[in-house]
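Notes for the structure review
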Amino acid sequence: MNPYVEIIRPGNVIMAIIAVILVAILEKSIDVPIILAMLAVFFAMSGGNVINDYFDYKIDLINKPQRPIPSGRISLNNAKNYAYLLFIVAAIIGFIISYLADTWIPCGIVIFSDIVLYLYAYKLKSTPLIGNLTVGFMTGLCFIFAGYTFNEGLIIYESYLLAFFALIMTTAREITKDIEDIEGDKLEGAKTFPIVYGSKISAIIAISLIIIDCALCPILYIYHIFNINYLIVVSIAVLIFLYGAISLRKQDSKTANKVSKYLKIGMLIAFIAFAIGTFTITF
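Within any chain, residue numbers begin from 1 and follow the written order of that chain's sequence. With the structure being a predicted model, the display of local features is reserved for residues of pLDDT at least 70 and the display and counting of side-chain atom pairs for 80 or more, all residues being used for whole-chain, interface and lining totals. Side-chain descriptors were evaluated using all non-hydrogen atoms of the structure, hydrogens and water having been removed beforehand.

Next up on the list: the pattern of salt bridges. A side chain of one charge can pair with a side chain of the opposite charge if their charged atoms are brought near each other. By definition here, a salt bridge exists when the distance from a side-chain nitrogen of Lys or Arg to a carboxyl oxygen of Asp or Glu is within 4 Å. The tally for this structure, following the rule as stated, stands at six salt bridges. Where Glu 174 meets Lys 177, a salt bridge forms, and the shortest distance between an N and an O atom there is 3.4 Å. Here the residue Glu 174 and the residue Lys 177 both occupy positions in helix H8 (residues 153–180), the gap between them amounting to three residues, near one helical turn. A residue is classified by how much of its surface remains accessible, and Glu 174, at 13% relative accessible area, is buried. Counting from the N terminus, the helices are DSSP H or I runs at least four residues long and the strands are E runs at least two residues long. Throughout, exposure labels follow a simple rule: accessible area from a 1.4 Å probe, protein chains only, divided by the maximum for the residue type, with under 20% read as buried, over 50% as exposed, and the rest as partly exposed.

A word on the side chain of Glu 6. With respect to the secondary-structure elements, Glu 6 resides in helix H1 (residues 3–6). Classification of Glu 6 as buried rests on a relative accessible area of 17%. Contacts were defined at the residue level, with two residues in contact if any of their heavy atoms lie within 4.5 Å. If near-sequence neighbours (up to four positions away) are discounted, Glu 6 is found in contact with Met 1, Gln 66, Arg 67, Pro 68 and Arg 73.

Mapping Ser 260 onto the fold places it in helix H14 (residues 253–276). Owing to a relative accessible area of 4%, Ser 260 belongs among the buried residues under this scheme. Dropping the residues within four chain positions of it, Ser 260 is found in contact with Arg 173, Thr 176, Lys 177 and Glu 180.

This brings us to unusual backbone geometry. Positive phi, normally seen in glycine, also occurs at Asp 102, with a value near 60°. Position of Asp 102 relative to the elements: it lies in the loop between helix H5 (76–101) and helix H6 (105–122). For His 224, which is not glycine, the phi torsion reads 60° and is therefore positive. For His 224, the location among the structural elements is in the loop between helix H12 (219–222) and helix H13 (228–247).

It is worth spelling out the state of the cysteines at this point. Cysteine sulfur atoms are paired as a disulfide whenever they come within 2.5 Å of each other. By the definition in use, this model includes zero disulfides. Counting only cysteine sulfurs, Cys 142 is the nearest neighbor of Cys 107, a cysteine outside any disulfide, at a range of 16 Å. Take Cys 107: its relative accessible area is 10%, and that puts it in the buried class.

Turning to a nonpolar patch on the surface, a few remarks are in order. What goes into a patch is any residue over 30% in relative accessible area without a salt bridge, connected to like charges within 9 Å or, for nonpolar side chains (Val, Leu, Ile, Met, Phe, Trp, Tyr), within 5 Å. Surface accessibility in these figures is a Shrake-Rupley result with a 1.4 Å probe; residues are shielded only by whichever protein chains are displayed. On the surface, a nonpolar cluster with roughly 970 Å² of combined accessible area is contributed by Val 32, Tyr 84, Ile 88, Ile 92, Phe 95, Ile 96, Tyr 99, Leu 100 and Trp 104. Positionally, Ile 92 belongs in helix H5.

Looking now at helix H11 (residues 199–216). A helix is expected to span 1.5 Å for every residue after the first. Here H11 contains 18 residues, and its C-alpha end-to-end distance of 26 Å stays within 8% of the 26 Å for a straight helix at 1.5 Å per residue. Among all positions of H11, only Ser 199, Ser 202, Ala 203, Ala 206, Ile 207, Leu 209, Ile 210, Asp 213 and Cys 214 are buried. Buried positions in H11, seen along its axis, are confined to an arc of 160° and lie on one side of it. When the buried face of H11 is taken as reference, the exposed residues oriented beyond 90 degrees from it are Lys 200 and Ala 215. Of all possible arcs, the one meant is that of the directions from the helix axis to the C-beta atoms.

Any functional reading would require information that these geometric values do not contain.
Structure, rendered in structure tokens:
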């Protein structure tokens, strides 16, 4: 794989783009601004991944020597400039979206995201809980960004609701991943939440967030954001989430690894439920 493609971590970026696509499905509209929104998310998230590898250079020399920077396929200076270029392109696209949507909010969100992604890689990632919340916040912000791209009251309101659920579950998964990586992070001198406060309280927080998210899922049906089809499909995701929460009581790295995968699968099913819940389909 080309190192400049590999370093942006396409798989992670695609998940962010899916959030924009889901809002477009909810609005039942695909136009030029929303297509540009997908591109803006692509470039901003790619820039964040590249600058993250830039700041993690010394750690990756030991743990991930095959990555583009430590392997020497991309120099540190080129990686930094590449990240800046991606951030700038995202901001330019955000400006175009704002012009087309007749609101400066999309452009503001893109510039804000560029700054937060840089700060996350530079400092916030190593800050207990704040780093986890930042990842959750940025995931939710993708939905809000798409909502403001359409610039219509109802879809903006609905995008905030989706962002809330994404924030809660993503934060839970990030904490779970930190429990999974606790031994390796200790060797690297990292100060994640489980290292500073222990696996037990970390697991309690993650479990609590999962339960809160599951308990509030019916709201999207009750307030007619989605139809009954959403409720049917999302119930599968809820069962997976709850199974993960119950399993996480063991608090060990091996279990956390499995729970992290469960949560990812559950989130994908929930995304499918969001999409299906906008259309009338008889099961």
